[in-house]
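# Tertiary structure, described
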Amino acid sequence: MGAPSRSVDSDQGGGFRPALWAEWVKFRTVRGWLVGLGIAVLMSVLFTYLVANGIHSGTCTGTGVTCRSGHPAVPTGPDGTAVADSYRYLSRSLTGDGTVTAQIASLTGRISTNPVNVAPSVSATRPGLAGWAKAGILLTPTTRPGSSYAAVMATGRHGTRFQYDYTHDRPGTSTNASPRWVRLARDGDTITGYESVDGTSWRAVGVAHLPGLPATVRVGLFVTSPVSFDGQTGHPTLATGSFRHVTVTGAADGGWRSAGIGTGPADFYPVLGTGAARAAGDGFVLTGSGDIAPAVVQGVLGTNTVASSLLLGLLVGSIVLIVLAALFVTSEYRRGLIRTTFAATPQRGRVLAAKAVVLGGVGFVIGALAATVAVPVGDLILAHNGVYVFPAGAATVAGIVVGCGLVTALTAVAVLGLGTMLRRSAGAVAAGIVVFVLPYLIGSNMSGGAETWLFRATPAAAFSVLGVLPRSSLVDYPYTFVNGYYPLPAWAGLLVLAAYTAAALGAARFLLHRRDA
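What you see is a predicted model, and the numbers here were worked out from it, not measured in a lab.

The next subject is the overall build of the protein chain. In terms of regular secondary structure, the protein chain is built from 12 helices and 19 strands. In terms of overall dimensions, the protein chain is more spread out than a globule: its C-alpha atoms have a radius of gyration of 30 Å, far above the 24 Å expected for 517 residues. For the protein chain, the spread of C-alpha atoms along the three principal axes comes to 100 × 45 × 40 Å. When contacts within the protein chain are restricted to residue pairs at least 6 apart in sequence, long-range pairs at least 24 apart make up 74% of them. Taking the average location of the 36 positive side-chain charges in the protein chain and that of its 22 negative ones, the two points are 11 Å from each other.

See below:
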């Protein structure tokens, strides 16, 4: 029998809605397929539980919480995100409005020759200044790690900056040359940072509004220096800042008090010593180590997020849906029922579209449902095992749930296209696993350019919906897959998978119009 004529193929066949209803009835009346959907959800949750239950660590979450003995706490900033807050602080109390002015005469540093997982030693260092080493003036209501703050500073390689509450940054115009003048002024809840090249003519760098500031705050000089990375290996660093012409106006009570903030054994950030402060002529010299920035150093925290334990469960659930998607079309070819389907709906493209809508809808519900259950299960188990999990808001969790639903939906529809082309269940299932699952398994065991290519150009890119680890331009860190970071954002990864799905459906529709049922 030859290919069906265009005149027959273009019959209306009752419209799209009857075709869609017919395909849905076919799917829901096969008990094995409904059981398979339940298995997909259960397997996703089960493997999430198994992965989470196999992870144990020595950190805990939150500021001011009680941790297990010897386990460091990761502070959270004013907006609830994980932060690093470790530095040397020479401060005094300030009641009401006032200003602090200082000349930063020099900023130098040293880098440990030992990586972060080796006990730090100040003697095992070499000269070097981290790009985000910081020295300047800082105001905070309390020295508890994670507290709100505003600061104006000189940096190692990023010029003068005004920063507040860990994520907010305003660049100044001053270069990295020394000396530099900085000033911080308080007017109620408004903090303004200034810079100057001569200590006479001042330019505002940035303004912060810190609602709820108490009448008395701490103000003073600070120095900190973050982990510096050589490839994937991080090394603690130490910075030394020399300050001159330090002046304070306003009701400043008490003397200068030096303290290492967030640099003790109960704090998570790797530091090269707790630092120190000393008077020098008409100024001070401070040494400090650590960082005041978003916490992204996974070499210390581990790569656990709200979605980290869900990965294997999503892979297993996708495999189950690949089998169901293949059977949804190949079983009709095997039993010869496809001719009946095309007789009822002569427009073959319409049949394929109806099957795609049914499978896509079912796949989305199953993927989203599995994620909805698996995410809190994984979090609960990880927390019970003492594992630090990066804080995630409702929007982040919702993004993971929707993303998982879209991954499973697009994968199922793509395999429908493969099944339509191949007409054999075994071939369609094998092809689906090779195209949509194997790239991730291969890429997760590779490194370098090949790994990046796989997660950019293959369907494995869609797993970026689980890539919710925090990034920050204020932190120099190797944001690579080995550290838990995908090369594409979630939306771009989904577009890559959608392109493969569209190609599979397009090829299936083309073949449907050119060959016999």
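Moving on, there is more to tell.
A grouping of Val434, Leu438, Leu441, Ile442 and Met446 is seen on the molecular surface, where their side chains present a nonpolar patch of about 380 Å² in accessible area. Sort the elements by how many residues they give to the nonpolar patch and helix H10 (residues 438-443) lands first, with 3 residues. Structurally, the position occupied by Ile442 is in helix H10. For Ile442, a relative accessible area of 39% gives the class partly exposed.

Two descriptors summarise a pair of aromatic rings, namely the distance from one centre to the other and the angle between the planes of the rings. The final tally for this structure, using the stated rule, is 20 aromatic pairs. An angle of 85° between the planes, with centres 5.5 Å apart, marks the rings of Trp33 and Phe328 as edge-to-face. Highlighted residues: Trp33 in helix H3 (residues 31-53) and Phe328 in helix H5 (residues 311-335), separated in sequence by 295 residues. Each member of the pair, Trp33 as well as Phe328, carries the same accessibility label: buried. The interplanar angle of 85° and the centroid separation of 6.2 Å between the aromatic rings of Tyr87 and Phe222 together place this pair among those described as edge-to-face. Separated by 135 residues along the polypeptide, Tyr87 in strand E4 (residues 87-112) and Phe222 in strand E13 (residues 216-224) bring together distant segments of the chain. Judged by its relative accessible area of 1%, Phe222 is buried.

On to the pairing of strand E9 (residues 168-171), then. Note: strand E8 (residues 160-164) against E9, 4 bridges, orientation antiparallel. Bridged to Tyr164 within E9 is His168. Between E8 and the antiparallel strand that follows it, E9, lie 3 residues; Asp165 among them carries a positive phi value of about 50°.

Turning next to the pairing of E8. In terms of burial, E8 is largely enclosed, as 5 of its 5 residues are buried. Residues Thr160, Phe162 and Tyr164 point to one face of E8 and Arg161 and Gln163 to the other, with burial holding for every one of them. With 5 bridges connecting them, strand E7 (residues 150-155) and E8 associate as antiparallel partners. Residue Met153 lies in a different strand from E8, and its bridge partner there is Arg161. Between E7 and the antiparallel strand that follows it, E8, lie 4 residues; Gly159 among them carries a positive phi value of about 70°.

All right, on to the packing of helix H7 (residues 348-384) against helix H12 (residues 490-512) then. Contact geometry for H7 and H12: axes closest at 9 Å, N-to-C directions at 145°. Of the two elements, H7 crosses H12, and the hand of that crossing is right-handed. Counting all contacts with H7, which are made through Arg348, Gly349, Leu352 and Ala356, the residues of H12 involved are Leu505, Ala508, Arg509 and Leu512. For the contact of H7 with H12, the residue count by class is 5 nonpolar, 1 polar and 2 charged.

The next subject is unusual backbone geometry. The phi dihedral of Asp165 is positive, around 50°, even though this residue is not glycine. Looking at the element boundaries, Asp165 is found in the loop between E8 and E9. Its identity as a non-glycine residue notwithstanding, His245 has a phi of 50°, on the positive side. Examined against the element boundaries, His245 turns out to sit in strand E16 (residues 237-261). The exposure class assigned to His245 is partly exposed, which follows from its relative accessible area of 32%.

So, on to H12. Here H12 contains 23 residues, and its C-alpha end-to-end distance of 33 Å stays within 8% of the 33 Å for a straight helix at 1.5 Å per residue. Considered for burial, the residues of H12 that qualify are Ala492, Gly493, Leu494, Val496, Leu497, Thr501, Ala504, Ala508 and Leu512. As for H12, its buried residues are in contact with H5, helix H6 (338-344), H7, helix H8 (394-422), helix H9 (425-436) and helix H11 (449-457).

When the charged atoms of two side chains lie near each other, side chains of opposite charge can form a pair. Scanning all chains against the criterion turns up 8 salt bridges. Close ionic contact of Glu195 with Arg203 constitutes a salt bridge, the shortest N to O distance being 3.1 Å. Among the residues examined, Arg203 registers a relative accessible area of 38% and is labelled partly exposed. One salt bridge in this structure joins Glu332 and Lys355, with 2.3 Å as the shortest N-O distance. Taken together, the positions of Glu332 in helix H5 and Lys355 in helix H7 put the pair 23 residues apart, joining distant regions of the chain. What you see here is one network of salt bridges that share partners, running through Glu23, Lys26, Glu332 and Lys355.

Here Phe390 shows up in the loop between H7 and H8. In this structure, the C-alpha to C-alpha distance between Phe390 and Glu195, residues 195 residues apart in sequence, is 35 Å.

Attention shifts here to the confidence of the model for the protein chain. Across the protein chain, the average pLDDT comes to 86, with 90% of residues at 70 or higher. Scored below 50 in pLDDT, residues 1-12 makes 15 contacts in the model with residues more than four places away or belonging to other chains. This model gives residues 58-70 a pLDDT under 50, and the stretch forms 31 contacts once residues within four places in sequence are excluded.

What follows covers the side chain of Ser289. On the secondary structure map, Ser289 appears in the loop between strand E18 (283-288) and strand E19 (292-294). Separated by 2.6 Å, the side chain of Ser289 and the backbone oxygen of Thr237 make a polar contact. There is a polar contact of 2.8 Å between the side chain of Ser289 and the backbone nitrogen of Leu272. In contact with Ser289, other than residues within four places in its own chain, are Ser86, Tyr87, Val223, Thr224, Ser225, Thr237, Leu238, Thr263, Val271, Leu272 and Gly273.

The rules behind each value
Residues numbered from 1 in each chain as written. Predicted model: local features only at pLDDT ≥ 70, side-chain atom pairs only at ≥ 80, totals over all residues. Heavy atoms only, no water. Helix = DSSP H or I, 4+ residues; strand = E, 2+ residues; numbered from the N terminus. Rg over C-alpha atoms; globule rule 2.2 N^0.38 Å. Contact = heavy atoms within 4.5 Å. Lys, Arg positive; Asp, Glu negative; His and termini not counted. Charge placed at Lys NZ, Arg CZ, Asp CG, Glu CD. Patch = residues over 30% accessible without salt bridge, like charges linked within 9 Å, V, L, I, M, F, W, Y side chains within 5 Å. Areas by Shrake-Rupley, 256 points an atom, 1.4 Å probe, with all protein chains shown as cover. Salt bridge = Lys/Arg side-chain N within 4 Å of Asp/Glu carboxyl O. Buried < 20%, exposed > 50% of the residue type's maximum accessible area, 1.4 Å probe, protein only. Phe/Tyr/Trp six-rings, centres within 6.5 Å; stacked < 30°, edge-to-face > 60°. Pairing = 2+ DSSP bridges. Axes fitted to C-alpha atoms, helices over the stretch in contact; angles between N-to-C directions. Left-handed = near helix turned anticlockwise from the far one by under 90°. Nonpolar A, V, L, I, M, F, W, Y, C, P; charged D, E, K, R; others polar. Expected span 1.5 Å × (residues − 1). pLDDT = per-residue confidence, 0-100. Polar contact = N/O pair within 3.5 Å; in protein donor to acceptor, adjacent residues only side chain to side chain.

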